[in-house]
Amino acid sequence: MKDRFKQKYTAGAAVAYMSRKQALKKLQLTLKDFRRLCIIKGIYPHEPAHKKQANKGSTANKVFYYRKDINFLAHEPIINKFRDYKVFLRKLNHLKAKKEEDKLKKLYENKPVYSLDTIVKERFPTFGSALRDMDDALSLCFTFAMLPHTRVLKEGMIDSCRKLTAEFMHYVIESQSLRNTFISIKGIYYQAEVHGEKITWVVPHERGLPHVTDVDFTVLVTFVEFYIAMLGFVNFKLYQDIGLFYPPQIGQVVKTDEMETEEYKEKVYSLAKPLAKRKDVEQAEDDEPLDLLGEDSDALAQKVREAKSIKTMFKGCVFYLNRECPKEALTFIIRNGGGIVGWEGGPTDLKADSKNISHHVVDRPMDKLEVNRLYVQPQWVFDCLNARRKLPTERYMPGVALPPHFSPFTSEKAGDYIPFERLEELRSMGKDVSDLEAAIPKTMDELPMRRKEVKPEKPKGIHIAVGQMHKKSKEKFHETVEKGQELKMRELMISKKHQRVYHSMKTTFKRNRNDALKLKKKAKLAKATEA
Amino acid sequence: MASTSAATPLKNKRKFENGKKKPKTLKDEFGEKLDIKPVIVPPKPADEYDYDSSDEEDLRNTIGNIPIKWYDDEDHIGYDKFGEKIAKPAKKGEIETFLEKMEDPDYWRKVFDKQTGTDVKLTDEQIEKIHNIATGKYPTIGYNPYEPFLDIFSSQKEIHPIDNRPEPKSRFIPSKDEMRMVSRMVHAIKMGWAKGPRAKKEEHKSYDLWASEDALDNVTKSQLSRMRVHMPAPKVALPTHAESYNPPEEYIFDDEERKKWEEAEKEDRVLNFMPSKYDALRKVPQYDKFITERFERCLDLYLAPRQRKMRIHADPTDLLPDLPNPNDLRPFPTTLAFYMRGHTGQVRAITVEPERGELLASGGEDGTVRIWMIATGRCIKTFQMDGEVTSVSFSPVADRTLLAVAYEGKYVAILNTGCGDRLHVQQTEALLAETPTDAQEDGAVVTWRKSKEKLMLKMPNEVRQVTWHSKGDYFASVAIDDIAKSVYVHQLSKAKSQCPFQKRKGHVQAVTFHPTQARLFVATKIHVREYDLARCVLVKKLITGCKHISTMATDANGENLFLGGLDRRFCWMDLQMGNKPWKKLKHHTAAVRSVAYHKKYPLLATVSDDGTAMVYYARIYTDFVKDNELYPVKRLRAHEKTPNDLCMLHTTWHPTQPWLITAGADGTIALFTY
């Protein structure tokens with residue numbers, strides 16, 4: 001007789017998901033190797049839609065992976081490299097214990113290594129998908145470029161991070177695709193537009209990173225290994241597209257042995273000199289779309305105009321950086337705008353007393369000033385890039401209190417609190433701020449107050465007074481009250497299905513309004529205190 | 001003379017603090033060692049001098065290894081070789097010992113021999129030997145540990161070799177073992193079992209990984225599906241103005257905000273940093289959690305489960321239903337016109353004169369029934385009852401000035417108000433005079449009694465509510481108690497009362513007559529039953545959804561039922577559409593006390609203990625093509641809450657005007673107009 005009842009948990013979510021323990025058992029790996037494999041292959045856990053079924057009836061809190069993902073990992077050739085490495089470690093310990101130096105040396109020469117080229121190709125089948133993941137790659141590589149060498153952090157890895165990040169910055173400079181920048185207390189944020197993708201990364205300040213104890217650096221090292229391989233290919237592709245040599249070169253074509261010298265590498269990776277282009281690649285001229293420039297309201301025309309103004313922002317300007325300024329950040333931005341940069345001991349041989357200097361970037365009190373150059377603080381360079389034009393330098397002179405530095409990543413919406421200086425910035429950038437200004441919530445003293453009537457004291461007993469005609473109120477207060485009452489009536493009749501969603505939206509709106517009001521009140525208090 | 005036995009000093013001997021203490025200690029130790037020395041002494045018979053000392057032999061003790069302290073209590077210390085007792089020597093006194101120590105120059109050499117009981121004098125040789133042992137030197141006097149070294153071999157160099165064998169041939173030819181090992185390696189490499197030395201590692205070179213990106217011919221189906229189902233991780237949130245190194249002043253925390261930020265849990269903080277302001281870029285310190293934040297991002301990338309969520313990106317206004325403009329639904333009351341004051345305590349019930357609507361009757365907690373002029377708000381008559389009034393109801397017949405009053409003390413009174421048209425008053429007086437109250441049956445439960453200008457009904461229980469039938473001859477009363485016979489139907493023309501129910505179906509809260517048919521609606525706590533009084537059967541049982549019904553009202557045609565509950569709920573039952581509510585609303589925040597529907601205008605009102613009266617536009621359509629309409633149009637506020645949280649207790653509409661009249665627990669009656 002045929003079995004009529006299907007057994008439980010043999011179909012659906014119960015077989016599509018796999019717990020971590022089952023995955024380790026299937027792959028025959030330790031937890032450390034499994035984690036490394038997940039990091040390299042980009043496998044992540046999934047939240048099942050039917051959690052109880054995936055957990056076979058239990059409600060314990062578990063992490064689930066797709067079974068297809070685990071099968072995908074099982075066919076990865078790199079697993080054999082992990083097992084070979086385990087055998088290698090066992091032999092290494094054996095030979096170390098027996099003090100056989102020559103065999104030890106031979107074993108080190110045959111250390112198993114693996115290549116990540118195919119894995120990068122698998123994770124990013126298209127170049128666009130690789131660019132979309134560049135945020136985390138760049139942020140982590142820039143962090144590692146600043147770390148010292150330790151037992152876990154090998155020297156080759158940190159040098160590779162420094163080289164690759166400098167190469168990427170060179171590409172951004174040559175393509176002039178840096179769009180926004182922001183100095184925060186955590187680091188300096190950059191945003192570039194590469195092949196239509198917005199890439200945002202953060203670079204720590206140029207100071208020694210503190211020692212941390214609760215961070216597992218082996219996880220970070222695994223990520224950086226993958227990101228180094230990925231950045232190498234991405235940089236090659238980017239350099240090839242705009243006709244640059246890879247590895248990058250300066251000036252004329254030089255011999256291979258000269259490229260290996262430290263002096264030449266220092267020149268290349270200081271970002272101060274332009275890179276050499278290949279001769280076989282024809283020059284792609286910037287043909288402007290003339291028909292788009294006429295329409296001011298078009299977003300595309302606005303974008304093209306912004307890009308053009310960024311490219312020629314510092315054209316013809318020569319910048320000299322004082323020694324306490326962050327050289328890499330300022331060089332990055334100035335050369336992105338087409339300017340020339342130099343500093344004491346720099347590769348451009350620009351002296352401090354040169355007559356060509358038009359801007360001198362200083363960050364400490366100066367006692368001697370030249371009359372034919374402008375002295376600015378470093379924030380001026382960042383604010384110019386965000387404003388897409390050269391700002392007046394009076395407010396940025398050394399010793400002057402700087403104007404506030406705003407984040408270009410904040411998308412201002414109606415109802416948010418926008419500082420007064422930010423409104424001025426947006427207005428000067430050509431944006432319509434009347435809607436934003438009108439929608440800023442008003443504090444209590446700004447609302448129209450209803451005039452309180454002082455009622456006369458009523459005498460006791462029977463009192464006869466002259467009657468008054470009833471006047472219909474024509475104040476705005478009356479209209480506001482009526483509108484509010486109408487809204488309340490509509491809220492009463494909301495359906496139960498939408499009630500929760502509606503109240504959640506109202507709560508969010510109220511919280512945002514309260515935050516904006518609080519900030520506005522503090523701004524008024526600060527202004528009153530300052531006056 | 002060598003001593004033949006060891007000795008230790010007496011215990012009772014005192015040690016004085018002088019320079020001779022240390023040598024004395026050495027002697028004690030030396031005395032122990034002296035016991036071994038006589039063993040190697042040459043035999044006595046060979047020494048003639050030793051043999052001549054016969055007095056020494058006489059003192060030799062023969063007790064063997066027995067400790068000498070066992071003889072402390074005896075007069076002797078042992079036996080000689082002849083078996084005779086050896087007498088214990090006399091003890092020296094302390095003074096004698098002291099004098100001997102001072103005068104005798106050899107006192108430090110003497111050691112007390114406990115075995116013989118005498119002092120033994122040490123020789124110079126013995127003292128030197130003891131000294132050598134104490135200082136770690138060789139005990140043998142005169143021993144030289146550094147004798148000159150005598151080599152085994154001669155240091156003289158000879159011209160001839162010691163071994164004259166010639167060198168073997170194997171020293172001059174290559175090793176066979178090494179040759180065999182190399183042959184084995186070569187053979188293994190040739191057979192493919194082992195590899196030769198590895199070539200030098202090639203430098204890793206980058207190439208164009210995505211050169212063949214456009215050609216998707218070599219992409220397999222599984223790769224395409226992996227591309228499709230891949231969920232990229234969400235991007236890290238971008239920084240705001242508060243994160244700037246030079247933010248505006250309002251973003252910096254003040255003392256209260258900083259304290260709240262520090263006390264909050266790390267996961268609950270809106271910002272994971274404290275906003276700071278620096279006046280120069282060189283003064284910005286390194287962020288100490290930078291690596292930690294990068295590490296947390298990496299953990300999110302490979303450990304956090306991902307899920308695709310659908311989010312509503314709608315404007316909140318789109319979720320609100322479209323209501324018509326309240327101005328298009330006028331007239332409805334919007335303004336509090338005036339209060340009618342006079343009652344002390346709660347005003348529990350109000351009723352308006354039918355058809356004309358000039359008089360208002362109210363009953364209160366103070367035991368009075370007052371008649372008011374609605375136009376002027378003036379109280380024109382007051383009736384004093386013997387108990388607190390619970391319900392008042394005007395007769396629906398316009399030609400009569402009858403008022404039904406239920407008050408505590410188990411009474412229902414039918415009053416002639418005496419106000420209004422004088423002709424109607426006279427007709428009412430004649431009607432009351434003709435009531436046959438004398439012809440009652442014996443044993444009747446309800447007792448009818450006639451008094452001047454009013455009828456008195458003595459009920460078996462306290463009455464909660466009294467209501468008229470639309471013809472004006474019958475009226476019903478409901479008791480407060482939860483009993484089977486809580487509902488009574490009374491007939492005025494015959495002065496008769498009867499109970500229509502025999503069984504208890506629940507705690508009856510309210511009853512009302514159908515306006516046009518001979519039907520009765522009985523509301524218990526959670527159900528409403530409709531009975532046909534002509535055929536004495538249950539017609540319908542309505543499921544209301546309320547937990548505690550407090551009030552009930554019908555429309556003019558009797559096809560809709562309005563219910564209010566103590567659980568803040570309002571139900572609209574359309575009797576033509578099954579037994580479930582057509583609409584359930586919960587617009588009050590306290591118990592609903594009364595519901596009223598207008599006879600002429602499509603207006604509905606509910607009053608509640610939260611101090612508000614909700615006015616609805618409630619259009620009823622009799623045909624089935626159009627649905628009923630219900631829109632809230634106004635929320636009216638009046639009256640004050642009493643300490644026991646009661647506020648509005650009753651409401652009613654004016655019969656011809658869109659005016660709402662409410663009774664409050666604060667003793668006032670409010671009139672709302674437009």
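Under UniProt, the name given to chain B is Ribosome biogenesis protein BOP1 homolog, and the organism recorded is Caenorhabditis elegans. Looking at chain B in UniProt, the text filed under Function is "Required for maturation of ribosomal RNAs and formation of the large ribosomal subunit." The UniProt entry for chain B carries this comment under Sequence similarities: "Belongs to the WD repeat BOP1/ERB1 family."

UniProt lists chain A under the name Pescadillo homolog, from Caenorhabditis elegans. Note on chain A: under the UniProt heading Function, the record states "Required for maturation of ribosomal RNAs and formation of the large ribosomal subunit." Within the UniProt record for chain A, the comment given under Sequence similarities is "Belongs to the pescadillo family."

This part takes up the overall build of chain B. Scanning chain B for helices and strands turns up 11 helices and 33 strands. Residues counted as buried form 40% of the 674 residues belonging to chain B. Looking at chain B alone, contacts between residues at least 24 apart form 47% of all its contacts between residues at least 6 apart. Carbon and sulfur atoms make up 52% of the accessible area of chain B, which totals about 41,200 Å².

With that settled, consider the packing of aromatic side chains. For the structure on display, the rule yields 32 aromatic pairs over all chains. Where A:Tyr190 meets A:Trp201, the ring centres are 5.6 Å apart and the plane angle is 35°; that geometry is what we call tilted. In this pair, A:Tyr190 sits in strand S4 (residues 188-194) while A:Trp201 sits in strand S5 (residues 197-203), placing the two residues 11 residues apart along the sequence. Across the pair, exposure class does not vary: A:Tyr190 and A:Trp201 are buried alike. On the basis of an interplanar angle of 65° and a centroid distance of 6.0 Å, the ring pair of A:Phe223 and B:Tyr302 is categorised as edge-to-face. Of this pair, A:Phe223 sits in helix H12 (residues 217-241) while B:Tyr302 sits in helix H9 (residues 290-303), placing the two residues on different chains. Its relative accessible area of 5% is what places A:Phe223 among the buried residues. Owing to a relative accessible area of 4%, B:Tyr302 belongs among the buried residues under this scheme.

We now examine helix H17 (residues 327-336) of chain A. In terms of burial, H17(A) is a largely internal element, eight of the 10 residues being buried. Of all the residues in H17(A), the buried ones are A:Ala329, A:Leu330, A:Thr331, A:Phe332, A:Ile333, A:Ile334, A:Arg335 and A:Asn336.

Our next topic: the nonpolar core. Ranked by internal contacts, the top residues of the largest apolar core, which has 123 residues, are A:Phe144 and A:Trp201. Here the element with the most residues in this core is H12(A); it accounts for 17 residues. Apart from the residues within four sequence positions on either side, A:Trp201 is in contact with A:Asp135, A:Leu138, A:Ser139, A:Phe142, A:Phe168, A:Ile188, A:Tyr189, A:Tyr190, A:Ala192 and A:Phe332. Counting residues in each nonpolar core, the second largest holds 19 residues, with B:Ala406, B:Val446, B:Met459 and B:Leu492 among its members.

Turning next to the interface of chain B and chain A. In this assembly, 79 residues from chain B lie in contact with 99 residues from chain A. Here chain B and chain A share an interface that buries about 8,300 Å² over both sides, 63% of which is from carbon and sulfur atoms. Among the residues chain B hides against chain A, the three largest losses belong to B:Trp210, B:Ile291 and B:Tyr302. Together they make up 10% of the total. Close ionic contact of A:Asp135 with B:Lys235 constitutes a salt bridge, the shortest N to O distance being 3.3 Å. At the junction of chain B and chain A, the tally comes to 31 residue pairs in polar contact (both at pLDDT 80 or more). Secondary-structure elements contributing two or more residues to the side of chain B that touches chain A are helix H7 (221-229), H9, helix H10 (316-319) and strand S30 (629-637) of chain B.

Attention shifts here to a positive patch on the surface. Residue and element names in this part refer to chain A. Taken together, the side chains of Lys21, Lys25, Lys26, Lys56, Lys62 and Arg67 define a basic patch exposed on the protein surface. Sort the elements by how many residues they give to the positive patch and helix H2 (residues 20-27) lands first, with three residues. Inspection of the secondary structure assignment puts lysine 26 in helix H2.

With that out of the way, let us pick up helix H18 (residues 378-387) of chain A. Residue and element names in this part refer to chain A. The buried count for H18 comes to 10 of 10 residues, which makes it a mostly enclosed element. Burial in H18 covers these residues: Pro378, Gln379, Trp380, Val381, Phe382, Asp383, Cys384, Leu385, Asn386 and Ala387. Directly beyond the C-terminal end of H18, a positive phi value near 60° is found at arginine 388.

Let us now look at the packing of helix H11 (residues 155-175) of chain A against H17(A). Residue and element names in this part refer to chain A. Between H11 and H17, the least distance of the axes is 8 Å, while the angle of their chain directions is 25°. With respect to H17, the axis of H11 lies roughly parallel. Taken together, the residues of H17 that come into contact with H11 (itself represented by Met169, Val172, Ile173 and Glu174) are Glu328, Phe332, Arg335 and Asn336. For the contact of H11 with H17, a count of residues per class yields four nonpolar, one polar and three charged.

The next subject is the sheet that holds strand S26 (residues 583-585) of chain B. All names here are of chain B. Pairing is antiparallel in the open sheet, where four strands are placed in the order S23-S24-S25-S26. At either margin of the open sheet sits one strand with a lone partner, and together these are strand S23 (549-554) and S26. Adjacent strand axes in the sheet meet at a mean angle of 15°, parallel and antiparallel pairs treated alike. Here five bridges tie S23 to strand S24 (residues 560-565), and the two strands are oriented antiparallel to one another. If you follow threonine 551 over to S24, its bridge partner there is glycine 564.

Bringing the sheet that holds strand S21 (residues 527-532) of chain B into the picture now. All names here are of chain B. With respect to topology, four strands assemble into an open sheet ordered S19-S20-S21-S22, the strand pairing being antiparallel. At either margin of the open sheet sits one strand with a lone partner, and together these are strand S19 (510-513) and strand S22 (537-543). Between one strand and the next, the sheet's axes are offset by a mean angle of 20°, whatever the strand orientation. Note that S19 and strand S20 (residues 519-523) share four bridges and pair antiparallel. Considered in S20, the bridge of alanine 510 is made with alanine 523.

Turning our eyes to something else, we now look at the side chain of A:Ser129. Residue and element names in this part refer to chain A. Tracing the backbone shows serine 129 in helix H9 (residues 127-132). The class for serine 129 is buried, based on a relative accessible area of 15%. For serine 129, the side chain forms a polar contact with the main-chain oxygen of threonine 126, separated by 2.6 Å.

What follows covers the UniProt feature "repeat: WD" in chain B. Residue and element names in this part refer to chain B. According to UniProt, the feature "repeat: WD" maps to residues 342-384, 386-425, 427-458, 459-500, 503-541, 587-626 and 643-674 in the numbering used here. Taken as a whole, residues 386-425 contains 10% helix and 45% strand, while its terminal C-alpha atoms sit 24 Å from one another. Helix makes up 0% of residues 503-541 and strand 51%, and the two end C-alpha atoms of the span are 16 Å apart.

The subject of this paragraph is a nonpolar patch on the surface. Residues and elements named next belong to chain B. A cluster of nonpolar residues, Ile95, Phe98, Leu99 and Met102, forms a patch on the protein surface that exposes about 420 Å² of accessible area. Its location among the elements puts isoleucine 95 in helix H4 (residues 94-103). Classification of isoleucine 95 as exposed rests on a relative accessible area of 66%.

On to the packing of helix H3 (residues 31-41) of chain A against helix H5 (residues 67-74) of chain A, then. Residues and elements named next belong to chain A. Relative to each other, H3 and H5 sit at 100°, their axes nearing to 11 Å. Accordingly, the angle class assigned to the pair H3 and H5 is roughly perpendicular. Residues Phe34, Leu37, Cys38 and Lys41 of H3 pack against Ile70, Phe72 and Leu73 of H5. Residues of the contact of H3 with H5, tallied by class, amount to six nonpolar, no polar and one charged.

Let us look at the pairing of strand S17 (residues 487-491) of chain B. Residues and elements named next belong to chain B. Of all five residues in S17, five are buried, a share of seventy percent or more. The alternating pattern of S17 places Val487, Val489 and Gln491 on one face and Tyr488 and His490 on the opposite face, and all of these are buried. Pairing geometry for strand S16 (residues 474-479) and S17, over five bridges, is antiparallel. In the strand pairing of S17, valine 478 is matched with valine 487. Where S17 meets strand S18 (residues 496-498), three bridges bridge the pair, whose relative direction is antiparallel. Following the sheet pairing, histidine 490 is matched in S18 by serine 497.

Quick notes on the rules
Residues numbered from 1 in each chain as written. Chains lettered and ligands numbered in written order. Predicted model: local features only at pLDDT ≥ 70, side-chain atom pairs only at ≥ 80, totals over all residues. Heavy atoms only, no water. UniProt positions renumbered as here; feature names shortened; annotations may be inferred. Helix = DSSP H or I, 4+ residues; strand = E, 2+ residues; numbered from the N terminus. Buried < 20%, exposed > 50% of the residue type's maximum accessible area, 1.4 Å probe, protein only. Contact = heavy atoms within 4.5 Å. Areas by Shrake-Rupley, 256 points an atom, 1.4 Å probe, with all protein chains shown as cover. Phe/Tyr/Trp six-rings, centres within 6.5 Å; stacked < 30°, edge-to-face > 60°. Core = buried A, V, L, I, M, F, W, Y, C linked by side-chain atoms within 4.5 Å. Buried area = accessible area lost by both parts, 1.4 Å probe. Salt bridge = Lys/Arg side-chain N within 4 Å of Asp/Glu carboxyl O. Polar contact = N/O pair within 3.5 Å; in protein donor to acceptor, adjacent residues only side chain to side chain. Patch = residues over 30% accessible without salt bridge, like charges linked within 9 Å, V, L, I, M, F, W, Y side chains within 5 Å. Lys, Arg positive; Asp, Glu negative; His and termini not counted. Charge placed at Lys NZ, Arg CZ, Asp CG, Glu CD. Axes fitted to C-alpha atoms, helices over the stretch in contact; angles between N-to-C directions. Parallel < 35°, antiparallel > 145°, perpendicular 65-115°, else oblique. Nonpolar A, V, L, I, M, F, W, Y, C, P; charged D, E, K, R; others polar. Pairing = 2+ DSSP bridges.

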